[in-house]
Amino acid sequence: MSAELRRMLQVDEAAKVAGVSVSTLNKLRLTGGGPMFAKIGKRVVYDPSDLGMWLDSRKRSSTSDAGRAA
């Protein structure tokens, strides 16, 4: 981590960045397959770089491309 702490995204912010609903992120935390997250007390936050890596892992070239993701 850099000397300056990076800004973590709240669930609603992460959902907007990812283009999914808050409900979808909540479900993915329970079932797996979603972006890495951190719990700080009761708060759930997302590192923008983890969110970006998760989005990158979902890129496909066609609808028949299963890719690496589950």
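Owing to the predicted nature of the structure, the values given are computational and were not obtained by experimental measurement.

Rules used in this analysis
- Residues numbered from 1 in each chain as written.
- Predicted model: local features only at pLDDT ≥ 70, side-chain atom pairs only at ≥ 80, totals over all residues.
- Heavy atoms only, no water.
- Pairing = 2+ DSSP bridges.
- Helix = DSSP H or I, 4+ residues; strand = E, 2+ residues; numbered from the N terminus.
- Phe/Tyr/Trp six-rings, centres within 6.5 Å; stacked < 30°, edge-to-face > 60°.
- Buried < 20%, exposed > 50% of the residue type's maximum accessible area, 1.4 Å probe, protein only.
- Lys NZ or Arg CZ within 6 Å of the ring centre and 35° of its normal.
- Salt bridge = Lys/Arg side-chain N within 4 Å of Asp/Glu carboxyl O.

Asks: What is the right way to read the sheet that holds strand β2 (residues 38-40) from this model?
Replies: Whenever strands of a sheet pair, they do so through backbone hydrogen bonds, lying parallel or antiparallel. An order of β1-β3-β2 is seen for the 3 strands of this open sheet, with the pairing classed as antiparallel. Either end of the sheet is taken by a strand with one partner, and the two such strands are β1 (9-10) and β2. In this structure, β2 lies alongside strand β3 (residues 43-46), joined through 3 bridges in antiparallel fashion. The residue bridging Ala38 from the neighbouring strand is Val45, located in β3.

Asks: I tried to follow the packing of aromatic side chains on my own but got confused; where do I start?
Replies: What describes a pair of aromatic rings is the distance from one ring centre to the other and the angle between the planes of the rings. Per the stated rule, a full pass over the model turns up 1 aromatic pair. Here Phe37 and Tyr46 contribute two aromatic rings whose centre-to-centre distance is 6.3 Å and whose plane-to-plane angle is 55 degrees, an arrangement assigned as tilted. Its relative accessible area of 0% is what places Tyr46 among the buried residues. Across from the ring centre of Phe37, 5.8 Å away, lies the NZ or CZ of Arg29, which sits over that ring.

Asks: Sorry if this is basic, but what is going on with the pattern of salt bridges here?
Replies: Pairing between side chains becomes possible if they bear opposite charge and their charged atoms approach one another. One pass over the full model with this rule turns up 3 salt bridges. The partner of Glu13 in a salt bridge is Arg7, and the shortest N-O contact between them spans 2.7 Å. Take Glu13: its relative accessible area is 25%, and that puts it in the partly exposed class. Note that Lys59 is salt-bridged to Asp56, the shortest N-O span being 3.4 Å. According to the relative accessible area criterion, Lys59 is exposed, its value standing at 60%. By relative accessible area, Asp56 is classed as partly exposed at 46%.

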